Protein chains: 2
Amino acid sequence: MSPAYPELEVRFRRIGALAAAGAMLDWDAATMMPAGAAEARIEQLAHLALTRQEYLTRPEIGDLLDRAEAERAGLDAWQAANLREMRREWRQATALPPDLVEALTRAANRCELRWRKARPDNDFEGLLPLLEEVLRLTAEKAKALAAATGRAPYDALLDLYEPGARSAAIDLLFDDLAAFLPGFLARAVERQARQPQARPPAGPFPIERQKALGESLMRELGFEFERGRLDVSAHPFTGGVPDDVRLTTRYDEADFTKALMGVLHETGHGLYELGLPKAWRLQPVGSAPGMALHESQSLLIEMQLCRSRAFLEFAAPAMRAAFEGIGAEWEPANLARLYQRVAPGLIRVDADEVTYPCHVILRYRLEKALLAGDLKLADLPGAWRAGMRDLLGIEPPDDRDGCLQDIHWPSGAFGYFPTYTMGAIAAAQLFAAAKRQDAAIEPGIARGEFKPLLAWLRREVHGRGHLHHTDDLLRLTTGAPLSVEPFKAHLAARYLA
Amino acid sequence: MSPAYPELEVRFRRIGALAAAGAMLDWDAATMMPAGAAEARIEQLAHLALTRQEYLTRPEIGDLLDRAEAERAGLDAWQAANLREMRREWRQATALPPDLVEALTRAANRCELRWRKARPDNDFEGLLPLLEEVLRLTAEKAKALAAATGRAPYDALLDLYEPGARSAAIDLLFDDLAAFLPGFLARAVERQARQPQARPPAGPFPIERQKALGESLMRELGFEFERGRLDVSAHPFTGGVPDDVRLTTRYDEADFTKALMGVLHETGHGLYELGLPKAWRLQPVGSAPGMALHESQSLLIEMQLCRSRAFLEFAAPAMRAAFEGIGAEWEPANLARLYQRVAPGLIRVDADEVTYPCHVILRYRLEKALLAGDLKLADLPGAWRAGMRDLLGIEPPDDRDGCLQDIHWPSGAFGYFPTYTMGAIAAAQLFAAAKRQDAAIEPGIARGEFKPLLAWLRREVHGRGHLHHTDDLLRLTTGAPLSVEPFKAHLAARYLA
């Protein structure tokens, strides 16, 4: 009998290609597709996903995995990691009864649809029964995944987004931050009040010029437009595949600063995709280890690099030139004050980097309690208000700007939220390590020399694909697993120094 | 045992969805995709095609087809036609040995790649060995399809593009035209010489305005932008799926007339797709009966309708307004002379509607002779020159503008060419029938009232999908199978009256 592993690579190439086709169609649906095509597109995507699922759950795949694992001694590190991820994908695909998958998909679609109306209507009561059904089925899913993976139910969901992550470890990190941030925030806000006020440049800022500026900074950072594009969508995201990276943003003619930083955020995601190991295209090991590390790359570029005073020294002339700006608003010092403003707010997606983790910790704690049955969905609005008070010192006047603000739970994505803040923590940790390991990185920033940073990221992060889970990769590149100290040090340097 | 036919619909829905996903990715590759993504896209498309092929050739599909055919008495006309087309797709998928499919794909890819250089280099000798390989394998494919379908080899290829078509019938139509056109062309050119010369409006014509004008005329004709788009590609085409129709064009700032008529041509294809029967999405019977009828819809809109003096009376003010045009160039009479110019030329894709069939007849005769072994590929350049002399009275100075001009043969598409002129013939036949059957159609044109025409096309052509093969549909809607007389009458009315 011929060795099983090479045969698995052939099978997973097909599985990867079906997923890649779906990724391109997802991008198209958000950017190009006319509204009347939605039903047809949903059907195309559903059939692609089903075909992938059927292919992945064929009996011979399980047999091949068993045999390849028995023959593991003959594999190199990349192949062994690829096999590990094949098994993980297979386990997830086979762990859930098809009826449950279908019921959950249906319930989540219904709930998400209702949520789109319930949020503007501030109608938590109306959403409640549909959300209860999603939660009930998600808890079933967590149980089934837990049985298949030997994890606790919440950790089994977490593992879908961030392989290898454990809530016990996240608890430690998040409890540390939850203790640290409220006091830190107060000091940062106090210091900010003593500084000159940030003054936003006055528009209008024509969209074509915003796009040209964004693309020119993307190029400076190393984005390759031969393998990617920048377009417009209602909700900015990075889509596509590693050789065809599709970034999106949303422009506001009255304020260029938000879209620009949004573009730079997605550029971080995009650089990651572009740098994934070429030799492992369409194989499981050829992708990122999870959402946390992916988010770390967008936040490293956006928060660590592009919101820094040094970067803004470099970028200010280009911003000014793009819009023929005149006056003190265009000085790097003012731009830095704009891009480093701190203020507790109700809405997660509008939050600055100091308050953002508070929003995430709140959601993380609530979703764990919901799944464990320790919190009833009917009590969510109250628990939300209490959590906001504790963590951010403010309270939403209604559910619209409270527990109804995010699409995640209505769409069935429990276990996703913590990856945002794990990403922010990893970004600080990786950026600190990069600057420590290559002395050329930090002084280059104000001069617009990003090649040393990109080279480090390519070598230490992007090019490693999913060879290691996130914590192991961080150990290898920074000497420690995910740790909050560099993040706290970064906040202190930026907001208290 | 449950009836087989409903189960087949389920299976073919999957097959149709995989093809639909491929169609969207083809469009993206031609319009949006960055150049560096080509390799990744080829792989996605190849896996989609392979998955579709594997699904279609599963043993149970053959069994289900057998059973459904035995139970055919219980089916209505649409279901029976759908079953007929399922069997046709299955037969084509199973008729060819996988080795042959792979060898042909590879040879055609190689040959097409070489052709992209050989054409500008005027290097027929260099292309010859690769083209010989493509022809050899295509002849094998024709033989295998012939054995599976009981057709002659050339007809078996024809059947891939135009189901049910027979070269014996095409010979009669084309011989008739070949006898008629050279004399007609001489008279049309002579008459044209006695008319005032057509004067092209002077540009530049900004692309944004060309696009807006094209889209406004598309809307007037009934194109629904909720289910379609207009974009730019190097080679204009109509892609996508019936609820997501993607038209493309190519603009020239110095001349708006070509892109505009190109857009109207694609609009004809697009209206057809938009009008296909909603109840049969993703099923074989839900698509067009073949390339000839599809081309008839683009040529009906472009040639029969939009190049007519009546349509130009309607459209001239919009054209003039779009570019703030002044002067006699913008008069309908001059625009009609521009859009109805006749002149024998070397290049098929630049040909007018009088000379176009001569280009097609030449290629049709040559490809039949090549496949039959009656013409050696080495003798093709000479045979081409002789045919051009006979049919058009001119001779290419080199192969670049002779037998190297088309991508069809290098890419393995033998049997496709005749559908262009079958489409032109059907367009005239359908337009004549439409005007005869609904007296509101003709007088409405100059007033921009196209609803009666679209309603007729929806009912008599688009909405019928592939319920009938082309000849049967023409019999039903016009009272006769494909016939050249309406085409000849159209030419006489436009070019000699």
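Treat the numbers as computed from the prediction; the structure is a model and nothing was measured.

Procedures and definitions
Residues numbered from 1 in each chain as written. Chains lettered and ligands numbered in written order. Predicted model: local features only at pLDDT ≥ 70, side-chain atom pairs only at ≥ 80, totals over all residues. Helix = DSSP H or I, 4+ residues; strand = E, 2+ residues; numbered from the N terminus. Buried ≥ 20, exposed ≤ 12 C-beta atoms within 10 Å, placed from the backbone. Contact = placed C-beta atoms within 7 Å. Domains from an automatic or database assignment. Pairing = 2+ DSSP bridges. Axes fitted to C-alpha atoms, helices over the stretch in contact; angles between N-to-C directions. Nonpolar A, V, L, I, M, F, W, Y, C, P; charged D, E, K, R; others polar. Least-squares fit on C-alpha atoms with pLDDT ≥ 70 in both. pLDDT = per-residue confidence, 0-100. Parallel < 35°, antiparallel > 145°, perpendicular 65-115°, else oblique.

Peer 1: Would you mind showing me how to read the overall build of chain A here?
Peer 2: Assigned secondary structure in chain A consists of 20 helices and 3 strands. Summarising its shape, the C-alpha atoms of chain A cover approximately 75 × 50 × 50 Å along the three principal directions. The buried share of chain A, reckoned over its 497 residues, is 45%. Taking contacts inside chain A between residues at least 6 apart in sequence as the whole, the part at least 24 apart equals 72%.

Peer 1: Can you walk me through the domain arrangement of chain A in this structure?
Peer 2: Accessible area lost upon the coming together of the parts is a frequently used measure of interface size. All names here are of chain A. As far as domains go, chain A holds domain 1 (4-95) and domain 2 (123-497). Just the C-alpha atoms count here: the centres of domain 1 and domain 2 sit 27 Å apart. The interface is formed by 23 residues belonging to domain 1 together with 21 residues belonging to domain 2. Of all the secondary structure elements, the ones that give two or more residues to the side of domain 1 that touches domain 2 are α1 (4-31) and α4 (77-95). Here the side of domain 1 that touches domain 2 takes 12 residues from α1, the largest share from any one element.

Peer 1: Is there a simple way to explain the sheet that holds strand β2 (residues 238-241) of chain B in this structure?
Peer 2: Paired through backbone hydrogen bonds, the strands of a sheet run either parallel or antiparallel to each other. Residue and element names in this part refer to chain B. Taken in spatial order, the 3 strands make up an open sheet running β1-β3-β2, and their pairing is mixed. Looking at the sheet topology across the chains shown, the edges are occupied by β1 (228-232) and β2. Ignoring which end each strand starts from, the neighbouring axes of this sheet average 20 degrees apart. Relative to the sheet, helix α1 (residues 4-31) contacts β1, β2 and β3 (244-249), its axis offset from that of β2 by approximately 140 degrees.

Peer 1: Even after reading the chapter, I still don't get the interface of chain A and chain B, so can you show me in this structure?
Peer 2: With 31 residues of chain A at the contact, the number on the chain B side is 31 residues. Residue composition of the side of chain A that touches chain B, by class: 15 nonpolar, 5 polar and 11 charged.

Peer 1: Explain unusual backbone geometry here, please?
Peer 2: Most peptide bonds adopt trans geometry, and most residues besides glycine take a negative phi value. Of note, the amide linkage connecting A:G203 to A:P204 takes the cis form, showing an omega dihedral of 0 degrees. Relative to the elements of secondary structure, A:P204 occurs in the loop between α8 (167-194) and α9 (207-221). The backbone of B:N122 shows a phi angle near 55 degrees, a positive value even though the residue is not glycine. Looking at B:N122, the number of C-beta atoms within 10 Å reads 15, which means it is partly exposed.

Peer 1: Would you explain the sheet that holds strand β2 (residues 238-241) of chain A in this entry?
Peer 2: Residue and element names in this part refer to chain A. On the basis of which strands lie adjacent, the open sheet formed by 3 strands has the order β1-β3-β2 and mixed pairing. Two strands in the sheet have a free side with no partner beyond their single neighbour: β1 (228-232) and β2. Across the sheet, the mean angle separating the axes of adjacent strands is 20 degrees when strand polarity is ignored. Where β1 meets strand β3 (residues 244-249), 5 bridges bridge the pair, whose relative direction is parallel. When the bridges of β3 are listed, R229 appears paired with R246. The sheet strands contacting α1 are β1, β2 and β3, and the helix crosses β2 at an angle near 140 degrees.

Peer 1: Could you clarify how one ought to interpret the relation of the copies chain A and chain B in this entry?
Peer 2: Turning one copy of the chain about an axis and sliding it along that axis gives the other copy, so a rotation and a shift relate them. Least-squares fitting of chain A to chain B yields an RMSD of 0.0 Å, with the superposition described by an axial translation of 0.0 Å and a rotation of 180 degrees. Look at the turn and shift together and you get a two-fold axis relating the two.

Peer 1: Mind showing me how you'd approach the confidence of the model for chain A here?
Peer 2: Predicted confidence across chain A gives a mean pLDDT of 97, with 100% of residues reaching 70 or more. Interface scoring of the predicted complex returns ipTM 0.94; its pTM is 0.95.

Peer 1: Would you mind showing me how to read the pairing of β2(A) here?
Peer 2: Remark: a regular strand shows side chains that alternate across the two faces of the sheet. All names here are of chain A. Burial of β2 is two-sided: the residues T238 and G240 facing one way and the residues G239 and V241 facing the other way are all buried. Pairing of β2 with β3, which is carried by 4 bridges, proceeds in the antiparallel orientation. Residue pairing across strands places G239 opposite R246, the latter belonging to β3.

Peer 1: Looking at this model, I keep getting lost on the packing of helix α2 (residues 38-56) of chain A against α1(B). Mind explaining?
Peer 2: Axis angle and axis distance: for two packed helices, these are the angle between their axes and the distance between the axes, and together they describe the pair. The contact between α2(A) and α1(B) brings their axes to 9 Å, and the two run at 110 degrees. Classified by the angle their axes make, α2(A) and α1(B) are roughly perpendicular. Here α2(A) contributes A:E43, A:Q44, A:H47, A:L48 and A:T51 to the contact with α1(B), which in turn contributes B:R14, B:A17, B:L18, B:A20 and B:A21. Taken together, the residues that form the contact of α2(A) with α1(B) break down as 5 nonpolar, 3 polar and 2 charged.

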